[in-house]
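# Fold and geometry: a report
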Amino acid sequence: MTARTTLHFHGGPGTGLSKAWAYVFTGAMVLFSLFPVYWVLTVSLKTRRDGLASPPLWIFDPTTANYLKLWGHETFKYTFLNSVIITAIGVALSLAIAIPTAYAIVRMKIRGRNLVGVWLILAYMLPEFLFVIPMFSLYQWTGLYDTHVGLALMYQVHVLPLSIWLLSSFFREINPAIDEAARIEGASNWQILTRIYVPCTLPGMAATAVLNAIWIWNELAIALGLTFSRAQTVTLGVTSFRGYAALDWGAMTAASIVAIVPMLLFAVAAQKHIVKGLSLGAVKG
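Residues numbered from 1 in each chain as written. Predicted model: local features only at pLDDT ≥ 70, side-chain atom pairs only at ≥ 80, totals over all residues. Heavy atoms only, no water.

### Some remarks on the side chain of lysine 46
Tracing the sequence through the fold places lysine 46 in the loop between α1 (15-44) and α2 (48-51). For the buried residue lysine 46, which engages in no salt bridge, the nearest side chain bearing the opposite charge is aspartate 50, 7.4 Å off. Contacts of lysine 46, omitting those with residues within four sequence positions, involve Gly51, Leu57, Phe60, Thr63 and Asn66. (Helix = DSSP H or I, 4+ residues; strand = E, 2+ residues; numbered from the N terminus. Buried < 20%, exposed > 50% of the residue type's maximum accessible area, 1.4 Å probe, protein only. Lys, Arg positive; Asp, Glu negative; His and termini not counted. Salt bridge = Lys/Arg side-chain N within 4 Å of Asp/Glu carboxyl O. Contact = heavy atoms within 4.5 Å.)

Laid out in structure tokens, this is it:
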């Protein structure tokens, strides 16, 4: 006769207290991270006098004058449109290159696949401005300096390794037996990729696109080094409210909020796809 032992785990007396401290700590961290956004928002809704008041005014009459000023500011509107165009081109390029590359790395026998993985990590870790210095002269020589396409191409140095790394993890979740069955039916690698892998990993691709869009939209260093006027992005447009001896804090903070809102709405709208997409690469127990 074999004895059967069942183990039961119960929370100790301090479990409830530990959970309470965890909630308090998490709430404090959320408030700490959101406070800068709150501060920028309040300054954008203050008059110039209230915004420069010392000590700061916590109760004030809000105004939309700073936001109305943005619509009459041609430089900011132009940089905002530039960011929309450059982000769309950059995301499209990253997915167009990363999708077949990730498939080749995962499902084809390619020499040096391990080296490719090392390159992806190193390229992602290097600072963006490191690439600007050698590319500055090359871009001027090729005519890509201060252009939308040139900036979108340069952004691939950062977003492409991330895209390949993410998509590779998504593609590995698909059973290789599906490839073999498709090849028996006469399907080519391209047909397998476009008819099987792409539809099965659409949430993962959506998550990758959102992460790339957010990074491209918020990038500053590369845009500062490789643009002058025609292709300046919204991050540089925010600084256009800085004068020689003064700062228009109200307009600058309003521009910052306007620059944040599109990516915030985009991320919220795609939240379901982001969570589902990122969970595709999770380790299953």
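### Notes on the environment of glutamate 173
Tracing the sequence through the fold places glutamate 173 in the loop between α7 (148-171) and α8 (176-184). Along the primary structure glutamate 173 and tyrosine 197 are separated by 24 residues, whereas in three dimensions their C-alpha atoms are 10.0 Å apart.

### Points about a nonpolar patch on the surface
There is a patch of nonpolar side chains on the surface, built from Phe35, Tyr38, Trp58 and Ile59 and spanning about 500 Å² of accessible area. Residue position: tyrosine 38 is located in helix α1. (Patch = residues over 30% accessible without salt bridge, like charges linked within 9 Å, V, L, I, M, F, W, Y side chains within 5 Å. Areas by Shrake-Rupley, 256 points an atom, 1.4 Å probe, with all protein chains shown as cover.)

### Some points on the packing of α8 against helix α9 (residues 189-200)
Two elements in contact, α8 and α9, have axes separated by 10 Å at closest approach and are oriented at 125°. By the angle class used here, α8 and α9 are oblique. Relative to α9, the crossing made by α8 is right-handed. Residue-level inspection shows Ile178, Asp179, Ala182 and Arg183 of α8 in contact with α9, the latter providing Asn189, Ile192, Ile196 and Tyr197. In terms of residue class, the contact of α8 with α9 is built from 5 nonpolar, 1 polar and 2 charged. (Axes fitted to C-alpha atoms, helices over the stretch in contact; angles between N-to-C directions. Parallel < 35°, antiparallel > 145°, perpendicular 65-115°, else oblique. Left-handed = near helix turned anticlockwise from the far one by under 90°. Nonpolar A, V, L, I, M, F, W, Y, C, P; charged D, E, K, R; others polar.)

### Focus: unusual backbone geometry
Residue proline 55 follows serine 54 across a cis peptide bond; omega there is 5°. As for its position among the elements, proline 55 is in the loop between α2 and α3 (65-71). Backbone geometry places aspartate 146, a non-glycine residue, at a positive phi of 60°. Tracing the backbone through its elements, the reader meets aspartate 146 in the loop between α6 (129-142) and α7.

### Re the confidence of the model for the chain
With 88% of its residues at a pLDDT of 70 or more, the chain has an overall mean of 83. Put simply, helix α14 (residues 271-280) is where the chain has its lowest mean pLDDT, 64, and helix α4 (residues 74-107) is where it has its highest, 92. (pLDDT = per-residue confidence, 0-100.)

### Quick look at the packing of aromatic side chains
All told, the structure shown has 10 aromatic pairs when counted by the stated rule. A ring pair is formed by tryptophan 39 and tryptophan 58, whose centres lie 5.6 Å apart and whose planes are at 70°; its orientation type is edge-to-face. Placement of tryptophan 39 in helix α1 and of tryptophan 58 in the loop between α2 and α3 is noted, with a sequence separation of 19 residues between them. Measuring from ring centre to ring centre gives 5.4 Å for phenylalanine 80 and tryptophan 217, while their planes differ by 85°; the resulting arrangement is edge-to-face. Of the two residues, phenylalanine 80 sits in helix α4 while tryptophan 217 sits in helix α10 (residues 202-218), which places them 137 residues apart along the sequence. For phenylalanine 80, a relative accessible area of 24% gives the class partly exposed. We classify tryptophan 217 as buried; its relative accessible area is 3%. Every member of this aromatic cluster is reached through a ring pair, and the members are Phe35, Tyr38, Trp39 and Trp58. Positioned above the aromatic ring of tryptophan 39 is the side chain of lysine 46, whose terminal nitrogen or guanidinium carbon lies 5.5 Å from the ring centre. (Phe/Tyr/Trp six-rings, centres within 6.5 Å; stacked < 30°, edge-to-face > 60°. Lys NZ or Arg CZ within 6 Å of the ring centre and 35° of its normal.)

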